[in-house]
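These are the residues of each chain, in order.
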6 protein chains.
Amino acid sequence: MSNMPWQDKPENCNDVMWRYSENPIIDRYAIPTSNSVFNSAVVPFKDGFAGVFRCDNKAVQMNIFAGFSKDGINWDIEHEPIQMKAGNTDMIQSDYKYDPRVVFIEDRYWITWCNGYHGPTIGIGYTFDFKEFFQCENAFLPFNRNGVLFPKKINGKYAMLSRPSDNGHTPFGDIYVSFSPDMKYWGEHRCVMKASNFADSAWQCTKIGAGPIPILTNEGWLMIYHGVINTCNGFRYAMGSALLEENEPDKVKYRTQPYLLGPAELYEQVGDVPNVVFPCAALHDTEEDKLAVYYGAADTVVALAFGKLSEVVEFTKNNSL
Amino acid sequence: MSNMPWQDKPENCNDVMWRYSENPIIDRYAIPTSNSVFNSAVVPFKDGFAGVFRCDNKAVQMNIFAGFSKDGINWDIEHEPIQMKAGNTDMIQSDYKYDPRVVFIEDRYWITWCNGYHGPTIGIGYTFDFKEFFQCENAFLPFNRNGVLFPKKINGKYAMLSRPSDNGHTPFGDIYVSFSPDMKYWGEHRCVMKASNFADSAWQCTKIGAGPIPILTNEGWLMIYHGVINTCNGFRYAMGSALLEENEPDKVKYRTQPYLLGPAELYEQVGDVPNVVFPCAALHDTEEDKLAVYYGAADTVVALAFGKLSEVVEFTKNNSL
Amino acid sequence: MSNMPWQDKPENCNDVMWRYSENPIIDRYAIPTSNSVFNSAVVPFKDGFAGVFRCDNKAVQMNIFAGFSKDGINWDIEHEPIQMKAGNTDMIQSDYKYDPRVVFIEDRYWITWCNGYHGPTIGIGYTFDFKEFFQCENAFLPFNRNGVLFPKKINGKYAMLSRPSDNGHTPFGDIYVSFSPDMKYWGEHRCVMKASNFADSAWQCTKIGAGPIPILTNEGWLMIYHGVINTCNGFRYAMGSALLEENEPDKVKYRTQPYLLGPAELYEQVGDVPNVVFPCAALHDTEEDKLAVYYGAADTVVALAFGKLSEVVEFTKNNSL
Amino acid sequence: MSNMPWQDKPENCNDVMWRYSENPIIDRYAIPTSNSVFNSAVVPFKDGFAGVFRCDNKAVQMNIFAGFSKDGINWDIEHEPIQMKAGNTDMIQSDYKYDPRVVFIEDRYWITWCNGYHGPTIGIGYTFDFKEFFQCENAFLPFNRNGVLFPKKINGKYAMLSRPSDNGHTPFGDIYVSFSPDMKYWGEHRCVMKASNFADSAWQCTKIGAGPIPILTNEGWLMIYHGVINTCNGFRYAMGSALLEENEPDKVKYRTQPYLLGPAELYEQVGDVPNVVFPCAALHDTEEDKLAVYYGAADTVVALAFGKLSEVVEFTKNNSL
Amino acid sequence: MSNMPWQDKPENCNDVMWRYSENPIIDRYAIPTSNSVFNSAVVPFKDGFAGVFRCDNKAVQMNIFAGFSKDGINWDIEHEPIQMKAGNTDMIQSDYKYDPRVVFIEDRYWITWCNGYHGPTIGIGYTFDFKEFFQCENAFLPFNRNGVLFPKKINGKYAMLSRPSDNGHTPFGDIYVSFSPDMKYWGEHRCVMKASNFADSAWQCTKIGAGPIPILTNEGWLMIYHGVINTCNGFRYAMGSALLEENEPDKVKYRTQPYLLGPAELYEQVGDVPNVVFPCAALHDTEEDKLAVYYGAADTVVALAFGKLSEVVEFTKNNSL
Amino acid sequence: MSNMPWQDKPENCNDVMWRYSENPIIDRYAIPTSNSVFNSAVVPFKDGFAGVFRCDNKAVQMNIFAGFSKDGINWDIEHEPIQMKAGNTDMIQSDYKYDPRVVFIEDRYWITWCNGYHGPTIGIGYTFDFKEFFQCENAFLPFNRNGVLFPKKINGKYAMLSRPSDNGHTPFGDIYVSFSPDMKYWGEHRCVMKASNFADSAWQCTKIGAGPIPILTNEGWLMIYHGVINTCNGFRYAMGSALLEENEPDKVKYRTQPYLLGPAELYEQVGDVPNVVFPCAALHDTEEDKLAVYYGAADTVVALAFGKLSEVVEFTKNNSL
C-alpha cells in the first residue's frame, strides 16, 4: 500500500503511537449539514481509499455517508446519507445509524454499524462499489453496539466482535465474538474479554469495545479497542490493543495494561462529548511496518495516529494486563 | 389428555380464570435443600407428566430439577439438579439456571431457561426421557430472559420468543420473536409487542415477558405472558394473554387490556418477593376445552389456575388493548 | 348527622383513633371490573351518603366512579366510570383519574382528583346530583397530586391544598395552599408544611399530602394528612393531623409528631402496595363529637377508622412536632 | 431601532445565524463580585438599552442585576443586585433569582425569572425605569423554570411560556403556555411542544425551554428556545426556533429539526458548565430585517449571535420537525 | 444457665435451627408509645435477664430502652428511653439510637448501638446495673452500623466487629474487626469477610453484618450474622453463621453457604419492612448444648429461635462457602 | 524560608489569591510512565523542598512518588513509586494510593494519603529522608478520603482531619477531626464543618474536604479546603478557607462564603476531569507574609497560586458564611 498516510515518529516522542501533526483531518462541518463527523471507517479502494463516515447533522440525527480519498487524509464525503436497498431481507428498518466499520471479505465490502431497531443493535450491509448499498438482517437482538467483523472467515464462518449493551449510556460492557455461516443467522457467542479491575487498569474499568477491523499478525489478531473510565465528570475514552488467537479469537493472548493513546490534545478534550478517543478503522502495511489508526475525537472530529505495527505488537506483549 | 388437572369454575366466580382450591400445589420446602420452588415447567409425559422445576436452595443458588407426577398436582422432584451433557456444542457454561420452559417438538423435549453466561441469557437443552439432558448453544448474547419456544416450526424454522434485558432488575422489557433453521443460529429478530402505556394498561406498563409455550388455536397462537408494574413498593407481576398470527407470530391480533390473574391471595402477596404471579407452563385439552396454567407465586411456591380454553380466547378478543 | 357510621372505642384501646371492627368495608372486587377499590371520597347526600370511588380495573387503569349508601358503610358503586361534560372549559382531557376528594361548597359538590394531562395534575369537577358531572380547567400545571379543597371560601376565594410532584414515584413532597376567585385561575401559592426531619418524626420524613377535606374546629382547620417514610423495602404511608389558622391556612398551629394510625393490620400491610394507610375523606358530627375517616389500605381496599373529634384536636395540640 | 447591535454575515458562512466576532461580550468577572455573568436579558430603553443580568457571585449565589448600554454590546452593570419592593403582593420571598427575561407590555417593563420559593418556580416583577422594581405573585407552584411572557396580550389575557421541572437537574422538560387576566392568577394551561424523539432530532430530545421573548412575525410567533441532549458526559444545550399560531400559541406551526446554533467555540465549550448555548433575549428590527440573540455561554459569559429575521423564519418553515 | 429459654426441636423439623412456637415474643405495641419493638439485645443478669430494646415510637423516632425478665421470654420494658450520662467523654451527642448489642466484659455491661452523630456510626456505653448508663466516645467516624464487641479482650485489646456504610439504605456492606487498648481510641482495622458472589450464595450477596455477641467454641468464635439479597421488591434479610479464629478474628475458618433461618413465617414476611430476619443477641449454655437467638422480625417484633450449639458449629463446618 | 516560590500580585488583580504566571508547573507527562501528575504535596526539606506526588500511569493506576526541588517550582520526580516498609504494623496492604499530604511533626515527615484497602481509607506513613518510607496502620475503616494531619499535637494528641465517604464518586461529604495518642489508635471523632446550603454558598454545597496541612495563625488554624458543586455536567471543585480554634479544631470561627480560587484557566477547565481546582499543599512564611498553595488542576497537572497570608486570614474573617 504505497500511498497509505504516514508521518515518522517525532524526535522527542517516547510513545508507541503518535498523532498526525495536522490533526484533526476532518472538521465537524465537513459537509453542509453536519454538526460533527467522527467515529468513521476507511478501507483501501481502487487506487485510493473509500470510507463510511458518521456525520451527525444539525438535528443531531445519526447517519452514515460514503466518502472517497486519494491519500487517506483529504476526503470527499457525499452530502447525502447512504441509501440502503434490501439485501438478504426486506426488513431494513433503521431508526438511526452510527459508528460504522468497513471490511473487504471475499468479493465485497461489508459494513457494520450501530442500527436503531427498537434500540441500538448491530446492522449489517454490503457494497461492491460504495455507490449501491444493501442492508441485511440485523445480527442480534437489541441492545448491542460496536459490531466489528473479522476480515476473513474463521473455521469456515464469518466472525463478529460486539458489545452487548443497554438502551442508555451503558455503564458496563464486555467484548464478545459470534459466528455465522451465512451473514444472516448468528450463534456460538463467546466472551472474549471484560472490562478490567479498577486497580489493575482503571482506564478500561467501566467498559470496553472493539475498534478497527482486527489485523492478522504473526502473534494472532491485533485488536485495537476503546476502554472507558467513569470519572466524576463523565466517561473518558482511550485506546488500547490486544492480541487474540488466530483460530480461536475468544482466547486473549495479550492485552495492554496502559492505554496506547488517551485524550490529551484540545480537539480530544473539548467538543460535543469531551475526553473521547474512539478508534474505528486502521490501515496497515505489514512490509513497511506501518499502522495508521483513524479515531473519533470528542465525538466531534476525525483524527489520525500512527505507529510501527511491529512495535505495537511488541508493546502489547510486553505491557500485558 | 384424560388426566390433566382440573376443577370446575366456582359458582360465584365471574372471572375467566380461577385458582385451584388447594393452592399452592408445591411448597417452598418440597425438597430437602430448597428455600423455594417456583417458576417451573411441566409437559405430558408417558401416562402422566414430567416437569423441570426451579428450586433455589438455602444458599439461594438457582438451579433446575426434573420431576414426575401422575396427576399433575402431586409431584416427585429429584433431590439433585439436572446435569447437562454436551448437545450441539461443547460450550455448556452455566453459572446458574432459572425459570425453565419445556416443549415437545418433533422427536424430543426441548428446554429453555435463563442461563448464566456472563449475565442472564437464553439457554437451550433437550432430553428424550427426562433422565439424560443435553445442553445446546445459548440462543442469544446476554442479556436476555424468558426464552419460550413455539411447539412447532413456523415456515420451516424454529421460533422463539424472548425478552432482551439488562444485567440487573431490568426496569424495561418487550417481547421479540427470533427464528432458527437448526436450533443453533438465530436471526430474523422481530419485535412482537411492547410494554403498554401507563394509561392504557398499567399492570403491564413496565415490562412484559412470554410465559408458557404458546398454544395453537383457531384464532392463532395463544400466548400467556406476564406483565409488570413498578409500584412505589416494587414490581408487581400479573398474567395476561395475547393472540398472534399463526404464520407471522410478530403480528399481534389481540392482547388483553385487563390481566387474567393478579396477586390477590396470601401465597401470591407474601413470600420472598411479594406480589408475583409468574406463569411458566400450561396444559390444555382442546376437545374438552380445558386449560391449566402453572405459575410461580411470590417467588416462593408453585400454584395452579384453570380456565376454559375457548373462553380465554374469546376474552382476549373481546378485551383487547 | 344522625346516621354517620360509628363504633365506640374498644375497651383495651389507648389510641386516639381506632379501626372499624368489620374492616375493610369495601372489597377489591366490589364492582365486576375492579382490581382494587381504595383512596375514595364520601359526603353526606340527601338522607344518606354519596361518594366518588377510585376503582382501578383489571387493566390497572385508574378511574373514578359514583356510589351511594344509606349508612356510609354498605355502598352501591356504579359499574361505569363518571363521564365528564364540559364545565368551565372545553379542554377536559384526562388520561386517567385517581385519588378523588369531594366537598359541598355553596350550591354544588366539587370534586378534585389527580388528573392525567401530560402527567399527573389536579383535576376539578362538580356535580349537583352525582349523576351529571362537569369537568373544569385543571388547577395547575403538571406535576401535582393530592389536591384538596377547603369546604368554604377563605377571604372570598376558593382555597386548595396540593402537593407538587414529579412524574414518577415522587420521593419528595410538601403541602401547599393556593387560591382562586373563580375555580379557573389559581394563584397566591403558599407553602403550608413540609416533610419532617428524620430524627424528629421519621414516619413523615419523605413526603406528606393532604387527605380529607379540612374540618373547621374552634382551634382552626383540622387537616388529616398522610406521611411517608422510605424504608429499604419501599414507601410506608401512615396518617397524622395538623391544625391550621382559620383565615390563614398556610399557618400551621400544631402538627402531630406521632402518627394517628399506621399500617398494622393484614389488610393494610398486604395488597397491591403493602404498608399503605391513605386517608381521603372524613365524616364528622361536631355536636356528637364523632369523626369517621375513610382510608385506602394497601392500595387495594377501603377501610374506616373512628375518633372523638375533640380528642383528635387535643391530641394534635399535645403531641405537636 | 437604529442602534441595535449588528454585524453582517461573514463571507464563508452558510448558516442562518452567525456569532459576533468579538464574543464574548461580557466577561465572567464583569463586576467585582462575579464568578460568572450569563443567561441575561436586554430590551430597548430610552435611546439605548437596559438589561437584567444573572451574575453568580464567588459564593455561587445567584442573583439578578440591572445594567445599561448605549450600543447593546458594552454594558455597565450595577454592582448591587436588584432590590424588589412589594408589587401585587406582600409575599416576595426569594431564596435566589436566575435566568431573567424582560419585556415591555403596555406601560411597563415586566421581568420574569427563576425564583427560589421552596424550589425553583417563576417569579414576576415589573419596573418603569430599571431603578425601582416591584415583585408580584409567583406565577406557578414549584417546580418550574424558563418562564417567558409574550410581548402583548393574546385574546385579552397575558400569556406565559414555561417549563414544568423537578427540584434537581431535571432530566425531562416540555414547553407549556398559561394565561392570566391580571398577572396574578394563572390558568388555561396548554402543552405547546415536547422534547423530541431521539431519532427525529436528538439535540432537543432530553428537554426544551423557551428563550427570548417571542417575536411576532407574519408567520406567527417566532419562539427561540433551547434544547438539551443528555450525552454520556452531561447535558449539551443548543438553540432552535419555532413558529406558533398568533392567537393560539399552543399550536406549533413549525419547529426546527436542526439547531440554529450549538456549542462549537471555546467560550461555549469550556467554562463552569461546558457545552451550553442558552438564549435569553433578542433584539430585532423588522424593517431592517435584523435579529440579535443574546445567549449565555458555558454558564460563564454572555455572547451574541445575529441573523436575518426573515431568513430565520424561512429556515424554521423549511426545516421543520 | 438453668433458666435460659428453650424448646426442643419439633419432630418433623430437619433444620439446624427452629422457631419458638409462641413467636413473636414481644409485640409491636409492647410499651404505650411504641410503633414497633425489634432488633434488640439481652444478657443474663442477676437471677434472670436484662436487655436493651429498640422501640421506635409512633413518630418513628428510634431509641433504646432497658428491660428485665425472669425467663427471657416475658419482658418488662421501661416506658422511658435510656438516659445516658457522660462516660469517658462529655461529647455524648445522639440524634437517634438503634440496633443495640450488649455484652459483659470484666466488670460491667457494655452496650453498642447505631448512634446518630452526623449520620449513623457506632455508639458505645456501659452500665453496671441497667439503671444508670454512661455513654463513651463513638468508636468510629460516620458512617457505620452493626458494631458488635467480642466478649473478652483478644491479645490484650478490646475487639469490635462493624460494617462500614453510607448515609442511606446502604446497598453494600462487609464485616471488619477493629481493636482498642482503652475503649476510646480504635485502630488495626482488618477485613473479616465480604458479601458473597451472587452465584455462590445469593442470600448474602448484597451486604452482611454481625449479629449477636460472638460465642467462643472449641472451633473458634461462632459469629451469627445477617445477610441481604436485593430482590426486585427490596432487601430480604436472613441469618447465617461463621467460625473465626480465636486469636485472629479476621481469619474466617468456615461460613455457611445456606442460611440458617430466612423469612418464612407471617410475622417475618409482613410488617413495617417485610422479609427481615435480623439477629441481635444470643443466649447459650455450652454444657447443655443450647443456643437461643433473639431476632427482629419484619422490623416490627422480636422473635426467638433455638438450636443445639454443637449442631450449629457442625453445620457451619459442613456447609461452608 | 528565603527560597519559597513567589510572585507579587499582578497589577490589575483584585482577588486575594492569584495564579503563578507560568502555570502549570508540572506537566501531565512529567515522568515517562505518567498519564497525569496532580493533587500532590510538598514540604521544606534541607535547603530546598521535597514532595510526594500523585502520578497516575498510562494504565490509570494511582500511586505516589517522591520528588525534590531547589526552588519549589522545578521538580525532579522519581520514576519509580514509593516502596513502603512496615512501620507500626505488618499489615501494609495498599491496592492504590492517591492524593497525598505531607507534614513534619517532631522528628519525622508524616505522609497521609487515600489508601486502597477494600475501598478508599486513610493511609499513614512516615519518612526521615524521603528515601526510606514506612507504612503504619490505616487511621480509619473504609470509606474515607482527604486525611490531613495537623502540624503539631493538640492537647497532647495527634489530630487528623478527614472526610467520611462512600465507595464511589461520593455525592456528599463533611469534614471531621479525630485524635490519637500514638498514631495507631484513633478516637474522639468530632464534626468540624459541613457542606453548605445551596442558597448560602453553592460552590461548596455538595461536599467539602480539607486540603493542605493547616497553618497556625494568630486567628487559629487556617484550613484551606476544596468545595464541590454538582452541576448538570458533573462536579466542579473550587478552593476556600476556614479558621479553626487553635485548641478545639472542631470549632469553626470563620469560613469563606465566596471561593478563593475556582476553575477559570484552560488548564483548570480542560483535562481528564474538567473544572477541578484541588489544593493539597501549602508553603508559607509568616514573617514575609507569603502563602503559596499547590493544587491539582483538572486532575491532570499541578499548578501554584499565591496570596498574602494576612490577607487570606482577613478575607476569611470578612467574608464568612
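- Among the UniProt annotations of chain A, the heading Sequence similarities (unreviewed entry) holds the following wording: "Belongs to the glycosyl hydrolase 130 family."

## Side note on the interface of chain F and chain E
Phase 1: With 33 residues of chain F in contact, the opposing surface of chain E contributes 33 residues.
Phase 2: Of the roughly 2600 Å² buried between chain F and chain E on both sides combined, carbon and sulfur atoms contribute 60%.
Phase 3: The three residues of chain F that bury the most area against chain E are F:L141, F:Y185 and F:H189, which together make up 28% of that side's buried surface.
Phase 4: For the salt bridge of E:E188 with F:K184, the shortest nitrogen-to-oxygen distance reads 3.8 Å.
Phase 5: Counting the contacts that link chain F with chain E gives 18 residue pairs in polar contact (both at pLDDT 80 or more).
Phase 6: At the level of secondary structure, the elements contributing two or more residues to the side of chain F that touches chain E comprise β12 (158-164), β13 (175-180) and β14 (187-193) of chain F.

## Digging into the pairing of strand β13 (residues 175-180) of chain D
Residue and element names in this part refer to chain D.
Phase 1: With six of six residues buried, β13 lies mostly within the body of the structure.
Phase 2: In this structure, strand β12 (residues 158-164) lies alongside β13, joined through five bridges in antiparallel fashion. If you follow L161 over to β13, its bridge partner there is V177.
Phase 3: With four bridges connecting them, β13 and strand β14 (residues 187-193) associate as antiparallel partners. If you follow F179 over to β14, its bridge partner there is G187.
Phase 4: A loop of six residues connects β13 with β14, the two strands running antiparallel in sequence, and M183 in this loop sits at a positive phi of about 65°.

## Some details on the relation of the copies chain F and chain E
In this arrangement, two copies of a chain are superimposed by a rotation about an axis accompanied by a shift along the axis.
Phase 1: Rotating chain F by 180° and moving it 0.1 Å along the rotation axis overlays it on chain E with an RMSD of 0.0 Å. Those values place the two copies in the arrangement expected of a two-fold rotation axis.
Phase 2: Of the interface residues in chain F, 100% have counterparts in chain E that sit at the interface too, so the contact is made through matching surfaces.

## Looking at the pairing of strand β7 (residues 97-105) of chain D
Residue and element names in this part refer to chain D.
Phase 1: Taken across its nine residues, β7 has eight buried, putting it largely inside the fold.
Phase 2: Relative to strand β8 (residues 108-116), β7 runs antiparallel, the two being bridged by seven bridges. Among the inter-strand pairings, Y98 is bridged to a residue of β8, identified as C114.
Phase 3: Linking two consecutive strands that pair antiparallel, namely β7 and β8, is a turn of two residues; a positive phi of about 60° is found at E106 within it.

## What about helix α2 (residues 309-318) of chain E?
Phase 1: Within α2(E) the residues assigned to the buried category are E:L309, E:V312, E:V313 and E:T316. Along the axis of α2(E), the buried residues cluster in a sector spanning 100°; they form a single face.

## Digging into the sheet that holds strand β7 (residues 97-105) of chain C
Residue and element names in this part refer to chain C.
Phase 1: Strands sit in the order β6-β10-β9-β8-β7 across an open sheet of five strands; the sheet is mixed. Of all strands in the sheet, those bounded by a partner on one side alone are β6 (84-86) and β7. On average, each strand axis in the sheet is inclined to that of its neighbour by 35°, with strand direction left out of account.

## So, the pattern of salt bridges
Phase 1: The final tally for this structure, using the stated rule, is 106 salt bridges over all chains.
Phase 2: A salt bridge links C:K290 to C:E288; the shortest N-O distance between them is 2.8 Å.
Phase 3: Between E:R54 and E:D99 there is a salt bridge whose closest N-O contact spans 2.9 Å. Residue E:R54 is located in strand β3 (residues 48-57), and its partner E:D99 is located in strand β7 (residues 97-105); the two are separated by 45 residues in the primary sequence.
Phase 4: By relative accessible area, E:R54 is classed as buried at 7%.

## Considering the packing of aromatic side chains
Phase 1: Counted according to the given criterion, the structure contains 141 aromatic pairs over all chains.
Phase 2: Taken together, a centroid distance of 5.6 Å and an interplanar angle of 75° make the contact between A:F45 and A:Y109 edge-to-face. Placement of A:F45 in strand β2 (residues 34-45) and of A:Y109 in strand β8 (residues 108-116) is noted, with a sequence separation of 64 residues between them.
Phase 3: Since its relative accessible area comes to 9%, A:F45 is described here as buried.
Phase 4: Here A:Y109 falls in the buried class, since its relative accessible area comes to 11%.
Phase 5: Its guanidinium or amino end placed over the ring of D:Y126, D:R108 lies 4.6 Å from that ring's centre, counting from NZ or CZ.

## Details of the interface of chain B and chain E
Phase 1: Between chain B and chain E, the contact holds 21 residues from the first and 22 residues from the second.
Phase 2: Roughly 1800 Å² of surface becomes buried between chain B and chain E when both sides are summed, with 56% attributable to carbon and sulfur atoms.
Phase 3: For E:R236, the salt bridge goes to B:D272, with nearest N and O atoms at 3.0 Å.
Phase 4: At three residues, the largest contribution of residues to the side of chain B that touches chain E is made by strand β18 (residues 234-244) of chain B.
Phase 5: Residues belonging to the side of chain B that touches chain E are distributed by class as follows: 11 nonpolar, six polar and four charged.

## As for the arrangement of the chains
Phase 1: Once contacts are tallied for each of the nine pairs of chains in contact, the highest total is for chains E and F.
Phase 2: Between chain B and chain F there is no contact; the minimum C-alpha to C-alpha separation amounts to 18 Å.

## Looking at the relation of the copies chain B and chain E
Phase 1: Screw-axis analysis of chain B against chain E gives a translation of 0.0 Å along the axis, an RMSD of 0.1 Å, and a rotation angle of 121°. In short, the pair behaves as if placed about a three-fold rotation axis.
Phase 2: Comparing interface residues between copies, only 14% of those in chain B also lie at the interface in chain E; the contact surfaces differ.

## Digging into the sheet that holds strand β22 (residues 301-307) of chain C
Residue and element names in this part refer to chain C.
Phase 1: With antiparallel pairing, the four strands of this open sheet are ordered in space as β1-β22-β21-β20. Of all the strands in the sheet, just β1 (17-19) and β20 (277-285) have a single pairing partner and so form its edges. Each strand axis lies, on average, 30° off the axis of its neighbour in the sheet, ignoring direction.
Phase 2: Here β1 pairs with β22 via three bridges, running antiparallel. Across the sheet, the residue bridging to R19 is A305, located in β22.
Phase 3: Helix α2 (residues 309-318) rests against β1, β20, β21 (290-297) and β22 of the sheet, and its axis sits at about 75° to β21.

What counts, and at which threshold
- Along each chain, residue indices are assigned from 1 in the same order as the chain's sequence is written.
- To read the labels, note that chains go from A and ligands from 1, taken in the order they are written.
- Selection of residues for local features in this predicted model requires a pLDDT of at least 70, selection of side-chain atom pairs for listing and counting requires 80 or more, and totals for whole chains, interfaces and linings are taken over all residues.
- Hydrogens and water are ignored here; the side-chain numbers use all heavy atoms of the structure.
- UniProt positions are given in the numbering used here, feature names are shortened, and annotations may be inferred rather than shown by experiment.
- The contact criterion used is simple: two residues touch if any of their non-hydrogen atoms lie within 4.5 Å.
- As used here, buried area is the combined drop in accessible area, with a 1.4 Å probe, of two parts when they are placed together.
- One speaks of a salt bridge when a side-chain nitrogen belonging to Lys or Arg is within 4 Å of a carboxyl oxygen belonging to Asp or Glu.
- Pairing of N or O atoms within 3.5 Å defines a polar contact, subject to two protein rules: one partner must be a possible hydrogen donor and the other a possible acceptor, and residues neighboring in sequence count only if both atoms are side-chain atoms.
- Secondary structure elements are defined from DSSP: runs of H or I of at least 4 residues count as helices, runs of E of at least 2 residues count as strands, and each element is numbered from the N terminus.
- Burial classes follow relative accessibility: with a 1.4 Å probe on protein chains only, a residue under 20% of its type's maximum area counts as buried, one over 50% as exposed, and anything between as partly exposed.
- Paired strands, as defined in this entry, are two strands with at least two bridges between them according to DSSP.
- Copy-to-copy superposition: least squares on the C-alpha atoms, limited to residues that have pLDDT of at least 70 in both copies.
- Working definition: the arc comes from the directions between the helix axis and the C-beta atoms, pointing outward to the latter.
- For helices, the axis comes from a line fit to the C-alpha atoms of the stretch in contact; other axes are also lines fit to C-alpha atoms, and the angle between any two N-to-C directions lies between 0 and 180 degrees.
- Each Phe, Tyr or Trp ring, with Trp reduced to its six-membered ring, pairs with another whose centre is within 6.5 Å; inter-plane angles below 30 degrees give stacked pairs, above 60 give edge-to-face pairs, and intermediate values give tilted ones.
- Only Lys NZ and Arg CZ are tested; either one counts as a charge over a ring when it is within 6 Å of the ring centre and within 35 degrees of the ring normal.
- Each residue gets one of three labels, nonpolar for Ala, Val, Leu, Ile, Met, Phe, Trp, Tyr, Cys and Pro, charged for Asp, Glu, Lys and Arg, and polar for the others, Gly among them.

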